[in-house]
Amino acid sequence: MGFEVLLKGTNMHRLLDGLWVALRISLISVTISIVLGVILGSLMTLKNPVIKVVSKIYLEFIRIMPQMVLLFVVYFGSTKALGLSITAESASIIVFSLWGTAEMSDLVRGALRSIPTIQYESSYSLGLNTAQTYLYIIIPQIIRRMLPLSINLITRMIKTTSLIMMIGIVEVLKVGQQIIEANRKSAPNAAFGIYATIFLLYFLVCWPISLLSKYLEKRWEN
Amino acid sequence: MAEILNIKNLTKSYDDLVVLDHVDLSVNKGEVVVIVGPSGCGKSTLLRCVNAFEQIQEGEVTLHGERINPCRGKLNTVREKIGMVFQSYELFPHKTVLQNMTLAPVKVKKINKKDAEKEAEALLDRVGLLSKKNNYPHQLSGGQKQRVAIVRALMMHPEVLLLDEITAALDPEMVREVLDVVIQLAKEGRTMVIVTHELSFARAVADRMVFIDGGKIVEEGSPEEFFERPKTERLKKFLDSFSYSAK
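Residues numbered from 1 in each chain as written. Chains lettered and ligands numbered in written order. Predicted model: local features only at pLDDT ≥ 70, side-chain atom pairs only at ≥ 80, totals over all residues.

Quick notes on the confidence of the model for chain A
Reasoning step 1: Scored by pLDDT, chain A comes out at a mean of 89, with 99% of its residues at no less than 70.
Reasoning step 2: When pLDDT is averaged over each helix and strand of chain A, the minimum, 80, is found for helix α1 (residues 4–7) of chain A and the maximum, 95, for helix α6 (residues 117–125) of chain A. (pLDDT = per-residue confidence, 0-100. Helix = DSSP H or I, 4+ residues; strand = E, 2+ residues; numbered from the N terminus.)

Below you can see the structure in the form of structure tokens.
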């Protein structure tokens, strides 16, 4: 079945290293996306026409563009056309953050808009000031509304990191391919075992996150 | 009687649409003023102007002689003294009944949390909801939510309580439990300004009735005069629209 190849030498260790590369890129991108997404999403609720147009174009652009094309544009395009030399890892972080920020900002905007004005007024009428109203009333509700969806976004970002091998990053999938290639003679059937293992690794990472989302959704259902 | 709240020459308009047209109204301490009028007459807007949720174009609202709309100082310190209960309850959905009630006293008045909880429990007990103190709003019926909203407002010891159509969103069988609470408050001598469509309740609770139509106060007077001997045609017509007796 090919699982035995994993036990040879440092193969399993290499695979886990590859997984870490993918996870590190997702984690950094997710963090950046949350911070920028919250800022952009809040700005989008202001009725500024410039912000409205710019954010709309940005969101549509990200929605339409396949992530792989974006990766190629940023990694290959920017080095040649703009003379920038960015590492493949930075390029992936940029692309994933662009994508994550767009989706996060849309979630933040939606959550902010879903809270009716009268909920703010209810808080003001009790004497709470604006800062207290946001801190105790609005933000906790926004987080509750957003968290399940943001967690879903995080798992999607982790899954999509499998694309970054296309710009030469040796992440878990690439390591898997290398192991398969290297053992082509001794274990011609290694592909199944290796890919199944990678599948399992992705599953082990994403499943708990998905469970957490379900748990929070249930706990906060009100 | 000492005047608490004074509305003078208040005009509110949205662009060209005049919602309130030079309204004067004064409310004394311990008085219950009930405002009625056809939908869209501006009665809810008037309450919102008192709490400075609406900017006004002319006139002023004063509380103990201190101007609150247009407001120069800090709005939140003014609003602390004015309790408001909304048609849609507006409890905080992520907080339990007890947390809903203690949040403002603890955060705004800096009252000790234990003391605030004790007071909240006593108030909940009075409105028959002590057993629900650890429930979340979505676990309560409309009538229960509204009773919580009323006692939540009381936690801040407001000088005036504004009730904005607080039974309008309730199922008929829940109206009573909410109005009973309000009648109790009236008996205690709370100062209240109430906007409602429940005329029989209005009659039972009001010290003074006010009829607003077309953004103006058309008629005001004691409940007896108001309901038995309305002076204006408009009020007669309005009151008639509520009676279904065969002609």
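Digging into the environment of F211 of chain B
Reasoning step 1: Checked against the element boundaries, F211 of chain B lands in strand β9 (residues 208–213).
Reasoning step 2: Once residues within four sequence positions are removed from consideration, F211 of chain B is found in contact with V36, G37, V218, E219, E220, L235 and F238 of chain B. (Contact = placed C-beta atoms within 7 Å.)

Details of the interface of chain B and chain A
Reasoning step 1: Listed per partner, the contact involves 20 residues of chain B and 17 residues of chain A.
Reasoning step 2: At the level of secondary structure, the elements contributing two or more residues to the side of chain B that touches chain A comprise α2 (75–79) and α3 (97–107) of chain B.
Reasoning step 3: By residue number, the principal contributor to the side of chain B that touches chain A is α3 of chain B, which donates three residues.
Reasoning step 4: Of the residues assigned to the side of chain B that touches chain A, the class counts are eleven nonpolar, five polar and four charged. (Nonpolar A, V, L, I, M, F, W, Y, C, P; charged D, E, K, R; others polar.)

Description of the pairing of strand β7 (residues 160–164) of chain B
Residues and elements named next belong to chain B.
Reasoning step 1: Judged by how many residues are buried, β7 sits mostly within the fold: five of five residues are covered.
Reasoning step 2: Residues V160, L162 and D164 line one face of β7 and the alternating positions L161 and L163 line the opposite face, and both faces are buried.
Reasoning step 3: The sheet contact formed by β7 and strand β8 (residues 192–195) spans four bridges and is parallel. The partner of D164 across the bridge, within β8, is V195.
Reasoning step 4: In this region the chain leaves β7, passes through helix α6 (residues 172–187) and returns to the parallel neighbour β8; the handedness of that crossover is right-handed. (Buried ≥ 20, exposed ≤ 12 C-beta atoms within 10 Å, placed from the backbone. Pairing = 2+ DSSP bridges. Right-handed = clockwise from strand over helix to strand, strands pointing away.)

Concerning the environment of D213 of chain B
All names here are of chain B.
Reasoning step 1: One can find D213 in strand β9.
Reasoning step 2: Through-space distance from the C-alpha of D213 to that of G40 is 8.5 Å; in sequence the pair is 173 residues apart.
Reasoning step 3: If near-sequence neighbours (up to four positions away) are discounted, D213 is found in contact with G37, P38, C41, V218 and R234.

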